[in-house]
Amino acid sequence: MPRGGLPPFHPPSLSPPLTSDISNLRVDIMTRRTMPTPLDNTSPMDVGDSTMTLSSSSSTDPSAMTLTAHSSSSSVPSSQSSAIITAVTDEHRPDDGDVAMANTNNDNSSTSPNQTNITNVNDDDDVQMAPQEDVAVTPMENSTDLESSPASSAPPEQSAIPGESNPPIVDNERKDPEEVSLDDSMEEQYLTHDDEMTDSVKLDVPLSLPSTEQNNRLDQTLDKLQHSISVAILAFRKEEQGTENIRNGSGGASNDCNAYVTLREAAVDAYQSLVEYGSSLDLSLTSNGNSDSAHMNKRRREKLEKIGRDLWKSIRANPDLFNDVISDVTTSNFGIATSSSLEQRRQRAIAGGYIRTIAVRLIFLAYIDTRCSRGCPPALHERRDGNKAHNPSPKELVFGLKVLSKGGRAILQHGKNARDSHDTLSLATSCFNALSGMVQSNGEAANELKDVLDEAFDVFLALPNAAALFETEQADVDRRSKEDDASVQADSVSVDWPTIVLKQLDAATNFIDEHCNAALKEDSKSPLKYAALQRFLPQLARLCLKQGSHFADIGMNEHAMKALHIDLTVTNSCLQRIKEEKTRTQEKNEATMLQNLEANVVLVSIDSLYVLSAVLQTLGRKQDAINCLDEVEKHMTEKYELDEELYEETMNALSNGKDFLFTEDAIGPAQDKKDFKNRATTTRTKGFNAQSREKATLSSRRIKLHNENPSQEDERCIDKQLRSMVELVSKRQETSLMERSFENDQILVLTLQAIRSVHVRRKMSRTSDEGGVALDPYRLMFDQLSKSHQLRPFVVLDKLSATLSIAFEVRQRKLENEYQSIDQEAIILADQCLSSFKRGDALNSDTTLFVDTKNLMKKELFDEAKVQFSRAVSLYHSYKAYEMCAKWASLLKDVLETCKGSAEHGDDPILAGVLTVLAYSLSMSGSHAEGMKMVRGAWKKQKSVDNLVILFHCATLHEHADALLELDNALNELSTSDHDNILEHFPRLSNSCVENESEGGELLLGVQERWMNLLLRSKKLSTSLEQKVACESPSGHSVLDLLCAYLDNFECVISSQKDRQKAESMCEYLGHIIDGVLRLLQVCRDRKQEKLIGRRKKKKTPKETSEDGFDLIWNDTTTVTLLGERSQCVWVAEALWNIGHQLYAARMLENVSYDSSAVAADLFAASHDFILMSEEEEGARLSKLDYDVKYEPEKFSVPSFNGASTTAASDISSEFSAQCLLLSAAVAVDYYMEEISHIGIGDQSSTKSLLRRTLHRLAQSQQEFELNCKKRAKVSKMIALLTMRCVLGIGEDSFAFQTFNNGLSATLLKLHLNDAAASNKEFYTLRQVKLMCDMALEKRMTHTDRVLTKMVSEMLQKSGDFQVIIGGCFISLGDLQRKTIQSASSVDDAIGVFQEVDNVIKKEKGGIKKMYSVDEFSWFAIEAYNKFVQLSTIGDDDNAKTCLTYALNFVEFSSKEVRCSKRQMLTSFSASCRNWIE
């Protein structure tokens, strides 16, 4: 049926009209081709009348090639002379066994010398060619060079199957070359004939020779084809031997389908090469040395003709191999049909079709104008020189017709190739037309024509189907062009295929008119007449109907009308001839045959009239469409009258006993008469039922035609037809042959369809104030059916369907005033249907052996009710009429629960789905509690992902605070195998949050957290990234897509969050998500372990990266699809930086009760990792991430202050990445210091782990700053001070002592000197060191405290400031030195301090009192004297002497009390001196 409302389709005319002169068309095509490129070692020369001969070698032919250039200076100027290059190859002479096709009928004067004698032509088999001698020819024997092929190198005996007693592939006896080669006279005749043809053909433009590449390609493909034939013959023989072994029980079969596939491919390639070879050159023309046109060389043509004969001999020698008959009953391997055997036969059939075509086209080179294009097939020449015609002989034409017909139909049926089948079949018709043209002057042609009419008709009948294939191929070309605009197909020229189809249909009609009309008009019973009546005309009518219906389906109404016009013309002619024959015939069997034939043709005619009526209705020709339906009614009336007449004749004959022979057994003639009458009555009843269906169909078509923009007269016609259809339904119910199933009752179905369409149209006419008839069509049905009738519920459901259609239409037109009335009417009808449905018993499907009509109808009623109620639910849900949707979902639930006794219709999944829809509708309409109750019931029945989404949606509306709890519980109950399916539905959960969350995004953030967690736990995702397997993301979005959305929402939510527990939970989720994404980035970085040459230079811009050719991991398609794009990675780094600052600043707010500094520190470090991964190369592993050591504390390192690096630096870095690490360390240290000052838990293991990671971040930051050549004083100072705080915070005395001794002390001293040199003299470094010194003392880190105290003393001494006040704290050099002496672990340390004080005294004698106080000098003097005493006691005289010396020096600046002890010190000194002297 045509597509309603579609305008007629006019295909573009991209090819010339088919009615134009085909020769001119071919010439135009060739003028667009360029001349082939001259061969090597040749150049254009002005040679005048001379002839230049060049020798050249060919890669494909071992023989020499002679190039002859001819030019005529008299006719063409030398500057414009054109060289005609002719390649003459020394071919091999015919080998033993070669057969030259020669004329054996010397008595036939109409046969030209070069014509081939064709004999043994049989309709049921391939055509046989009879050579001069009864000699079989090897398939591989041809004039091409095949010595290198394996098949030709082995002798025939070795080609047979081992162990087989059969003869080899070809069993021929060697003949003398003189017996089979052409003699001189025959060669002269061939040459003379070619010259005559050349002179008789005049072309408008010069032709161009095929290029050397085309010649070589043709030779190569033909060689490959012949080799493939030999291989296929061996494979086929082997397969036959295996099948025979199976029958004998001695072995198994062997199928080599590859050999047949190769054969098919080789045949197709060879055919395409041959078509390309001759598409621009008429291969039938041969050069004679005097023509100005370029023709094929004579020897070249003879060589190709010989190859064609060899191919045909191979086909004749192996008929089973090239059998093109394929059917479902085809068997292989001892009678067992297999798909592989059918595929092998299909491949062989296609190959056989192409090989037959190639053989004929090569044999007929002298007759075929090979110039062709897509849609313009080649054709036979019709050459005349004024005296006689040079055409093929009749037997040759029969040979060409039959072989091309078989090959073309095989290509069409099995190969489905439009151009190849169309060209081949067109050549076959050309052969038939040439044969038909010879009938008047050639008796042999007249005799041959009679025998090939059936074959010719098959060709004419196949051509339209071949032309129709151009549509499919053109659609494929258009699709490929849309997918890839750059791809241009060489054979993709648009073809006006509808015109070609119609042309071929006309040709088939002309065939019947020309060859069958005379026989049809005769009174005799000729075979041709009955062939035309029984086969030609009906088959052509069905073909026209097929093509016309297809044109109508695709909207080509004009072409459909032409095809259907041909169809109706053919059927009318056939019916007229049948009626004439029925009046003539006297035989009963013949009359019965004609009557059956007439009935079949009438059916075709009726179908054509129906299609034509629909086409005319589409074109707006309403009256013509009505006339077509009137013709249908006329045909139907005649058919009914004939059937009734036949019934009356039969009953009268039974009554009279005429023409009937009754049995004479015990039953007797009476029983025979009764049986005949019963059968006749049953047949008549069936005929009445068929008549009723046909009447219902016709009435339905009339109603459809009148129901479009009807007038008052049309409305009356519609009512009339509706009443007739309702009467048919009523009568149908009264017969004993009533259908047991509603769906099989075609009359009822058609009637309800017609009533529904009229009811909807009339109802919409009233709602839109366009008037309309008040008659309700459904009232006609209800009046005929009682309330208890079993069909009444079906009518109610059909009216419900119509009402739902009206409800849809009024909403489409936005007729809001009609919403309520239509919806209420639909609800009333649903209640009526449900009440009638509930009155019966529940469905019982325990057994299906005996199903009564009532139960079967009840099942159909349930199915139809379920469809209509579901349709109503979908309708109101799509328009967001949730109250109505809830009502219909409740009704559908009642239907399902009513039939719950049936296992087929009461499944929990179906009911659970309905409950889910009901819950959603109730929630959206405001009944949140009821909706939550329903969805929980659905969740208990079926735990599916869809139900989970609705459960969450209802929870957000009912209990917003518990929605995430419901989601977590549901996720835990689902199987882990559903995780990928769950991820696909998370967008729906997110949309539900956005729609129902009034303010803030806390609920959405919770959904995003669970979405990311499930995605990051997906094994499919990690495995695909690691192995670079291209696939879609499990969630439909990349990881970074989701992460960007999550971070954006997190930044908004965390800023207003005041609940400590929720905030900590959010931060915990954030940390897990960031770690999961970094793990995937780590997988991408480590996909290849080999270390490539990295870039130890500062980060490059994307433009520089692209120019340097760096292969980033973001260039991989799998990474971009699953993980995201590089720009998103950079965006994440910036977002983490911003969120880190936001969390760090939140600690100062009074309304924030949680500390977020630790989280901020990790976010800054993660920002560093993301920015480095944005520049990571494939397989290079250039970056060193903080995530690499996050969960491996033993790998942490410390900054280097002595020039030796303690950690491997990244090969890529940026100032931003280094700053991220530095800021992360500062925030972490700050968090530690706040913890100590406020809570006092600084020694916890988590804090120590954070400080160790901070040390590693400092070391990495230090390396990255150096890599970027950013050695700035402030950065170095910050790294040193943060390192000092970290080592003190870790609390390991030995580790801190080692760190200070490894260059940190010297670095801090330099920093202090820089502070001292500044004008403000803030002494920031000194203050920090002094603070850490006090902390070390508090933590009892003895060695560290000693080092720091000594460091402070040295700082004061180096800067010359012995007494400073920093931050309100007084720091004196004397106090620090006194502390150093007190904590000294050896006498050398104490003596060292004494020496420092003594040096100050010697250096600053005048201002010594400004540097040390009197009390400090007094303490130093007493301490030095006490050391003297202690050392003297233990016998350390040298150190004792030194200490006493320092004590005496200090006494001078001490207090008065200490100076009074000077004499005692001197006395002790004198005593000690004596003791030392002694």
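Residues numbered from 1 in each chain as written. Predicted model: local features only at pLDDT ≥ 70, side-chain atom pairs only at ≥ 80, totals over all residues. Heavy atoms only, no water.

Turning next to the overall build of the protein. A count of helical and extended segments in the protein gives 53 helices and nine strands. Out of the 1478 residues in the protein, the part that is buried amounts to 50%. Carbon and sulfur atoms provide 48% of the accessible area of the protein, an area that totals close to 70300 Å². (Helix = DSSP H or I, 4+ residues; strand = E, 2+ residues; numbered from the N terminus. Buried < 20%, exposed > 50% of the residue type's maximum accessible area, 1.4 Å probe, protein only. Areas by Shrake-Rupley, 256 points an atom, 1.4 Å probe, with all protein chains shown as cover.)

A complete count under the given rule lists 19 aromatic pairs for this structure. Seen in terms of ring centroids, Phe 986 and Trp 1011 are 5.7 Å apart; in terms of plane orientation they differ by 15°. Their pairing is stacked. With Phe 986 in helix α32 (residues 979-996) and Trp 1011 in helix α33 (residues 1002-1016), this residue pair connects regions lying 25 residues apart in the sequence. For the residue pair Phe 986 and Trp 1011, the accessibility class agrees, reading buried in each case. Through pairs of rings, three or more aromatic residues link up here, namely Phe 432, Phe 457, Phe 460, Phe 511 and Phe 536. Looking at Arg 348, its charged tip hangs above the ring of Tyr 260, at a distance of 5.4 Å from the centre. (Phe/Tyr/Trp six-rings, centres within 6.5 Å; stacked < 30°, edge-to-face > 60°. Lys NZ or Arg CZ within 6 Å of the ring centre and 35° of its normal.)

Before going further, it helps to spend a moment on the packing of helix α43 (residues 1273-1290) against helix α44 (residues 1293-1317). Packing of α43 against α44 leaves a shortest axis separation of 10 Å and a crossing angle of 145°. Note on packing geometry: the crossing formed by α43 with α44 is left-handed. Residues Lys 1277, Ala 1280, Leu 1281, Thr 1283, Met 1284, Val 1287, Leu 1288 and Ile 1290 of α43 pack against Phe 1295, Ala 1296, Thr 1299, Phe 1300, Leu 1304, Thr 1307, Leu 1308, Leu 1311 and Asp 1315 of α44. The class makeup of the residues in the contact of α43 with α44 is 12 nonpolar, three polar and two charged. (Axes fitted to C-alpha atoms, helices over the stretch in contact; angles between N-to-C directions. Left-handed = near helix turned anticlockwise from the far one by under 90°. Contact = heavy atoms within 4.5 Å. Nonpolar A, V, L, I, M, F, W, Y, C, P; charged D, E, K, R; others polar.)

This part is about the side chain of Arg 762. Its place among the elements puts Arg 762 in helix α22 (residues 746-767). On the basis of relative accessibility, which here comes to 1%, the residue Arg 762 falls in the buried class. Engagement of the side chain of Arg 762 in a polar contact is seen with the side chain of Asp 719, the distance being 2.8 Å. (Polar contact = N/O pair within 3.5 Å; in protein donor to acceptor, adjacent residues only side chain to side chain.)

Below, the discussion takes up the environment of Ala 1158. Relative to the assigned elements, Ala 1158 resides in helix α40 (residues 1157-1173). With relative accessibility at 22%, the residue Ala 1158 sits in the partly exposed group. Taking the C-alpha atoms as reference points, Ala 1158 and Tyr 1144, 14 residues apart in sequence, are found 8.6 Å from one another.

Further remarks concern a negative patch on the surface. On the surface, a cluster of negative charge is made up of Glu 638, Glu 641, Glu 645 and Glu 649. Mapped onto the secondary structure, Glu 638 falls in helix α19 (residues 622-656). For Glu 638, a relative accessible area of 31% translates into the label partly exposed. (Patch = residues over 30% accessible without salt bridge, like charges linked within 9 Å, V, L, I, M, F, W, Y side chains within 5 Å. Salt bridge = Lys/Arg side-chain N within 4 Å of Asp/Glu carboxyl O. Lys, Arg positive; Asp, Glu negative; His and termini not counted. Charge placed at Lys NZ, Arg CZ, Asp CG, Glu CD.)

Next up on the list: the packing of α44 against helix α45 (residues 1324-1338). Between α44 and α45, the shortest axis-to-axis distance is 7 Å and the interhelical angle comes to 140°. The angle between α44 and α45 falls in the class oblique. Counted together, Leu 1308, Leu 1311, His 1312 and Asp 1315 of α44 and Tyr 1324, Thr 1325, Leu 1326 and Val 1329 of α45 form the full contact between these two elements. (Parallel < 35°, antiparallel > 145°, perpendicular 65-115°, else oblique.)

Now for helix α8 (residues 298-317). For α8, with 20 residues, the first-to-last C-alpha span of 29 Å sits near the 28 Å given by 1.5 Å per residue. For α8, the tally of buried residues reaches 16 of 20 residues, placing the bulk of the element in the interior. (Expected span 1.5 Å × (residues − 1).)

Okay, the environment of His 979 next. Inspection of the secondary structure assignment puts His 979 in helix α32. Exposure remark for His 979: the relative accessible area of 19% places this residue in the buried category. C-alpha of His 979 to C-alpha of Ser 1018: the two residues are 39 residues apart in sequence and 7.8 Å apart in space. In contact with His 979, not counting residues within four places along its chain, are Leu 1014 and Arg 1017.

This paragraph deals with the pattern of salt bridges. Evaluated as defined, the whole model comprises 53 salt bridges. Among the ionic pairs, Asp 454 bridges to Arg 535, the shortest N-O distance being 3.6 Å. With Asp 454 in helix α13 (residues 453-483) and Arg 535 in helix α16 (residues 527-553), the pair connects residues that are 81 residues apart, well separated along the chain. When the shortest N-O distance is used, the salt bridge between Glu 966 and Arg 936 registers 2.7 Å. Of this pair, Glu 966 sits in helix α31 (residues 963-973) while Arg 936 sits in helix α29 (residues 928-941), and the two are 30 residues apart along the sequence. The network of salt bridges with shared partners includes Arg 409, Asp 454, Glu 455, Asp 458 and Arg 535.

Further remarks concern the confidence of the model for the protein. Overall, the prediction assigns the protein a mean pLDDT of 74, with 71% of residues at 70 or greater. Long-range and interchain partners of residues 662-667, a stretch whose pLDDT sits below 50, account for eight contacts in this model, where long-range means more than four residues apart. Of the regions scoring below 50 in pLDDT, residues 1089-1108 engages in 37 contacts with residues more than four places distant in sequence or in other chains. (pLDDT = per-residue confidence, 0-100.)

Attention shifts here to unusual backbone geometry. Non-glycine residue Asn 709 carries a positive phi angle of around 50°. Note that Asn 709 resides in the loop between α20 (669-706) and α21 (712-734). Although it is not a glycine, Arg 1181 adopts a positive phi angle of roughly 50°. We classify Arg 1181 as partly exposed; its relative accessible area is 30%.

A word on the environment of Ala 541. With respect to the element layout, Ala 541 can be found in helix α16. Of the residues examined, Ala 541 reaches a relative accessible area of 3% and is grouped as buried. Separated by 67 residues in sequence, Ala 541 and Ser 608 have C-alpha atoms that sit 9.0 Å apart. Setting aside residues up to four positions removed in sequence, Ala 541 forms contacts with Asp 567, Val 570, Thr 571 and Val 604.

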